[in-house]
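# Notes for the structure review
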Amino acid sequence: MKFRKMRPEAVAEVIGSTKGAVLHTFPNKLTLLEELLRSMCQEWDRRFDEIQSKTTGGALFAYITTWEQSDPQAPSYPEAVAVAKAEDPKLLEPVRQDYQRYGNLMQLDGPIATDALVAWMDVKVCSCLSFWDYIGSIKLQGPPFSLV
């Protein structure tokens, strides 16, 4: 479902509710988008924390494993982030906070972990660096990259 073309009836159908309940809970699209991003961030955090608690591989390993796991919400996540930035950049705050947290945890793993993350992104998911720059969690000014 495309966010900009989303109708309350379609949301109600997807979540198994009624149009009235959707409109009562989410009086406008920004409120719905805010909840969608919050929910996505919570799910990502849950999976990241679960993986990190079961491994000694550190935050980088947990991040990459979380990224590579099947994520049924992934197709809508980039669109939700793009729409949030266009509609109200303040809506990206939970996303920024999460990525700042992951960055801080990786820095605790040492400088090699941060370098390995950048290398992994370059090989595996080049668009991820652009995504981090887009949400304001990393500044792409050439090596060394900085987490903000």
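Since this is a predicted model, take the numbers as computed values, not measurements. (Residues numbered from 1 in each chain as written. Predicted model: local features only at pLDDT ≥ 70, side-chain atom pairs only at ≥ 80, totals over all residues. Heavy atoms only, no water.)

## Some words on the overall build of the protein chain
Looking only at helices and strands, the protein chain features eight helices and two strands. Put simply, the protein chain shows about 8600 Å² of open surface, and 57% of that area lies on carbon and sulfur atoms. (Helix = DSSP H or I, 4+ residues; strand = E, 2+ residues; numbered from the N terminus. Areas by Shrake-Rupley, 256 points an atom, 1.4 Å probe, with all protein chains shown as cover.)

## A short note on the packing of aromatic side chains
Tallied over the entire structure, the rule returns six aromatic pairs. Judged by centre distance (4.7 Å) and plane angle (45°), the rings of F48 and Y102 are tilted. Residue F48 is located in helix α3 (residues 29-53), and its partner Y102 is located in helix α6 (residues 93-108); the two are separated by 54 residues in the primary sequence. Here the two residues F48 and Y102 agree in accessibility, since each one is buried. (Phe/Tyr/Trp six-rings, centres within 6.5 Å; stacked < 30°, edge-to-face > 60°. Buried < 20%, exposed > 50% of the residue type's maximum accessible area, 1.4 Å probe, protein only.)

## Quick word on the pattern of salt bridges
By the definition in use, this model includes nine salt bridges. Here R47 ties to E43 by a salt bridge, and the two come within 3.7 Å at their closest N and O atoms. Here E43 and R47 lie together in helix α3, a separation of four residues that amounts to about one turn. Between D49 and R101 there is a salt bridge, with the nearest N and O atoms lying 2.3 Å from each other. Of this pair, D49 sits in helix α3 while R101 is found in helix α6, placing the two residues 52 residues apart along the sequence. (Salt bridge = Lys/Arg side-chain N within 4 Å of Asp/Glu carboxyl O.)

## Regarding α3
The end-to-end C-alpha distance of α3, which contains 25 residues, comes to 36 Å, matching closely the 36 Å that a straight helix rising 1.5 Å per residue would cover. The set of residues buried in α3 consists of L32, L33, L37, M40, C41, W44, D45, R47, F48 and I51. By the N-cap criterion, in which a side-chain oxygen at the helix start approaches the backbone nitrogen of a residue two or three places on, α3 is capped by N28, the distance to L30 being 3.1 Å. (Expected span 1.5 Å × (residues − 1). Polar contact = N/O pair within 3.5 Å; in protein donor to acceptor, adjacent residues only side chain to side chain.)

## A few points about the confidence of the model for the protein chain
Scored by pLDDT, the protein chain comes out at a mean of 75, with 68% of its residues at no less than 70. In the predicted structure, residues 142-148 sits below a pLDDT of 50 and forms 17 contacts with residues beyond four places in sequence or in another chain. (pLDDT = per-residue confidence, 0-100. Contact = heavy atoms within 4.5 Å.)

## Topic: the nonpolar core
Across soluble globular proteins, you tend to see nonpolar side chains buried next to one another. Grouped together as the largest cluster of nonpolar side chains are 23 residues, with contacts concentrated most on L33, L37, F48, Y63, A84, Y102 and M106. Within the residue set of this core, elements represented by two or more residues are α3, α4 (58-68), α5 (77-87) and α6. It is α3 that contributes the most residues to this core, seven residues altogether. Apart from residues no more than four positions distant in its own chain, Y102 is found in contact with W44, D45, F48 and Y63. Counting six residues, the second-largest nonpolar core is a separate cluster that includes M6, V11, V22 and F26. (Core = buried A, V, L, I, M, F, W, Y, C linked by side-chain atoms within 4.5 Å.)

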